[in-house]
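Descriptive structure summary
What follows is each chain in one-letter form.
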Amino acid sequence: DVKVTQSSRYLVKRTGEKVFLECVQDMDHENMFWYRQDPGLGLRLIYFSYDVKMKEKGDIPEGYSVSREKKERFSLILESASTNQTSMYLCASSTRGAIEQFFGPGTRLTVL
Amino acid sequence: AQKITQTQPGMFVQEKEAVTLDCTYDTSDPSYGLFWYKQPSSGEMIFLIYQGSYDQQNATEGRYSLNFQKARKSANLVISASQLGDSAMYFCAMREGPEGYQKVTFGTGTKLQVIP
């Protein structure tokens, strides 16, 4: 079974803190994604990566950065967390040419 | 314009009945794909079904079928014989570009509740 894991299910941070959300997949997938999910807005793509050290902006990259130093790990970084970044964050991965993306369980981040 | 529109924020269905969840899409790309994902209360997104724009037949996967009407730009999900475990959020999504291109746009979702 494909396994995508995220470092935390729930996270509470303060405004201005630097926040790291970690995602690890165990199926040697080339592609990895970070989404945020908000009620009434569905899922929106923040960043994605097609390979190690490669990244591309999604639809809402402002306020976020990413890092992919190893194939299995994709990190989302909030340089200075703000209250409007309170959300559910979902990581996904897929193999090149695949149809399906495999999702992790999500991290619910609250910024106070 | 919204690329994916799901007009039903919430729906109820009686157990064992069939239910249709609506999805319309907007694209000018001749090559695209349409997906449905399920998100139970646990939060994890589960892939259900896929339809490519060039596929001649409607996709089916067990109790799930995708009613693809290209001219109307609709890709409704039909769940037959609903079960209590079908209660979840359902998201329609679209890939624009050739198969294998991975950037996907999601709709806002429909919350389905199955009543015993």
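Please refer to the structure placed before this passage.
Throughout what follows, the structure given in this document is the object of discussion. Quick caveat: nothing in here was measured; it's all calculated off a predicted structure.

Take the pattern of salt bridges next. All names here are of chain A. Per the stated rule, a full pass over the model turns up ten salt bridges over all chains. Where R73 meets E22, a salt bridge forms, and the shortest distance between an N and an O atom there is 3.9 Å. With R73 in strand β8 (residues 73-78) and E22 in strand β3 (residues 19-25), this residue pair connects regions lying 51 residues apart in the sequence. A relative accessible area of 37% places R73 in the partly exposed class.

Turning our attention to the interface of chain A and chain B. It is common to give the size of an interface as the accessible area that goes away when the parts come together. Residue-level contacts link 24 residues of chain A with 19 residues of chain B. Here chain A packs against chain B, burying approximately 1,800 Å² in sum over the two surfaces, 55% of which is carbon and sulfur. Among the residues chain A hides against chain B, the three largest losses belong to L43(A), I99(A) and F103(A). Together they make up 31% of the total. Connecting chain A to chain B are one salt bridge. The closest approach of N and O atoms between D59(A) and K103(B), which form a salt bridge, is 3.2 Å. Where chain A touches chain B, the interface holds four residue pairs in polar contact (both at pLDDT 80 or more). Looking at the side of chain A that touches chain B, the elements that each hand over two or more residues are β4 (31-38), β5 (42-49) and β9 (87-94) of chain A.

Another point: unusual backbone geometry. Residue and element names in this part refer to chain A. One non-glycine residue, D28, adopts positive backbone phi at about 60°. Looking at where D28 falls in the secondary structure, it is placed in the loop between β3 and β4. Using a relative accessible area of 52% as the deciding quantity, one classes D28 as exposed. Residues other than glycine seldom take positive phi values, yet K53 does so here, at roughly 65°. Considering the arrangement of structural elements, one finds K53 in the loop between β5 and β6 (56-57).

About the cut-offs
Residues numbered from 1 in each chain as written. Chains lettered and ligands numbered in written order. Predicted model: local features only at pLDDT ≥ 70, side-chain atom pairs only at ≥ 80, totals over all residues. Heavy atoms only, no water. Salt bridge = Lys/Arg side-chain N within 4 Å of Asp/Glu carboxyl O. Helix = DSSP H or I, 4+ residues; strand = E, 2+ residues; numbered from the N terminus. Buried < 20%, exposed > 50% of the residue type's maximum accessible area, 1.4 Å probe, protein only. Contact = heavy atoms within 4.5 Å. Buried area = accessible area lost by both parts, 1.4 Å probe. Polar contact = N/O pair within 3.5 Å; in protein donor to acceptor, adjacent residues only side chain to side chain.

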